[in-house]
Amino acid sequence: MGVTAHDEELGRVLLTDRQIADRVRQLGAEITRDYQGRDLVIVGVLKGAAAFTVDLARAVDLPVAMDWVAVSTYGRGSTPGTPRLLKDVGEDLAGRDVLVVEDILDTGTTLSWLMARLRERSPASVNCCVLLRKPHALTEPVEPRYAGFDIAEHWVAGYGIDYAERHRNLGGIHEVLLPSAASPASS
Ligand code: IMP
Ligand code: MG
């Protein structure tokens, strides 16, 4: 067959689709309260946060703009990562309230770099909302205004998040059974 079944490399379910949907609704309600009367631009980080960004935006009861960035982080686990913008926003961010939506806050390298780049565009504010946070891995001073769940330092996949580009289509978030101690590069 040549196609790996989901369950061969995945461990237990850490978060069900129901748990995620409930939390996304709560976060959407908080964002709706906090950004009343503001010009909110939701910026999703491709590809891992695509599912979360779309669901979150639909839980926000405000006329928001949506845009996307893609960032590559090189040297994960070996040399210090130097992020690079693979895809920039199309929106003019000047004077607007930017909310970056990311799948996972791990070391914080990606988000601290990305938020600094976006602050150069003269926005009124830049905050972030992360679905998952691995608090013990954080080395950069990133403080998300919104965070879905704290998890231990497992490698995870599902709900948009990949393992070697697989499993993004799963509804829930699963632990990945890594073949070795190394974490695969991801986006
Ligand atoms: P950071 O720059 O170290 O905070 O890493 C954050 C990025 O690493 C996220 O945007 C994810 O793309 C990726 N990442 C971190 N942990 C995982 C994981 O468990 N599964 C999939 N991707 C991950
Ligand atoms: Mg990512």
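Computed from a prediction, not measured in an experiment: that's the story for all the values here. (Residues numbered from 1 in each chain as written. Chains lettered and ligands numbered in written order. Predicted model: local features only at pLDDT ≥ 70, side-chain atom pairs only at ≥ 80, totals over all residues. Heavy atoms only, no water.)

Asker: It is not clear to me how the environment of Ala51 should be interpreted in this structure. Could you clarify?
Answerer: Its location among the elements puts Ala51 in helix α2 (residues 50-58). Its relative accessible area of 27% is what places Ala51 among the partly exposed residues. Note: C-alpha distance between Ala51 and Asn169 (118 residues apart in sequence) is 9.0 Å. Apart from residues no more than four positions distant in its own chain, Ala51 is found in contact with Tyr159 and Gly160. (Helix = DSSP H or I, 4+ residues; strand = E, 2+ residues; numbered from the N terminus. Buried < 20%, exposed > 50% of the residue type's maximum accessible area, 1.4 Å probe, protein only. Contact = heavy atoms within 4.5 Å.)

Asker: Looking at this structure, I do not really get the sheet that holds strand β6 (residues 125-133). What am I missing?
Answerer: Sheet strands line up and pair through hydrogen bonds in the backbone, either parallel or antiparallel. Ordered by their spatial adjacency, 6 strands build an open sheet running β4-β3-β2-β5-β6-β7, and the pairing between neighbours is mixed. Two strands close off the open sheet at either side, each with one partner strand: β4 (83-87) and β7 (146-150). With direction set aside, neighbouring strand axes in the sheet form an average angle of 30°. Its contacts with the sheet put α2 on β2 (40-46), β3 (65-73), β5 (97-105) and β6, and the angle it makes with β3 is roughly 160°. Contacting β2, β3, β4, β5 and β6, helix α3 (residues 109-119) runs over the sheet at an angle of about 165° to β5. (Pairing = 2+ DSSP bridges. Axes fitted to C-alpha atoms, helices over the stretch in contact; angles between N-to-C directions.)

Asker: Where do I start with the pattern of salt bridges in this structure?
Answerer: Here the idea is simple: oppositely charged side chains can pair when their charged atoms come close. Across all of its chains, the model carries 14 salt bridges by this definition. Notably, a salt bridge pairs Asp97 with Arg38, separated by 2.8 Å at the nearest N-O pair. Taken as a pair, Asp97 in strand β5 and Arg38 in the loop between α1 (17-34) and β2 lie far apart in primary sequence, 59 residues in all. The salt bridge involving Arg58 is made with Asp55; its shortest N-O contact spans 2.8 Å. On the criterion of helical spacing, the pair formed by Arg58 and Asp55 is a turn pair, its members being 3 residues apart in helix α2. In this structure Asp55 comes out as partly exposed when scored by relative accessible area, which is 25%. Each of Lys47, Asp162, Glu165 and Arg168 takes part in a single network of salt bridges with overlapping partners. (Salt bridge = Lys/Arg side-chain N within 4 Å of Asp/Glu carboxyl O.)

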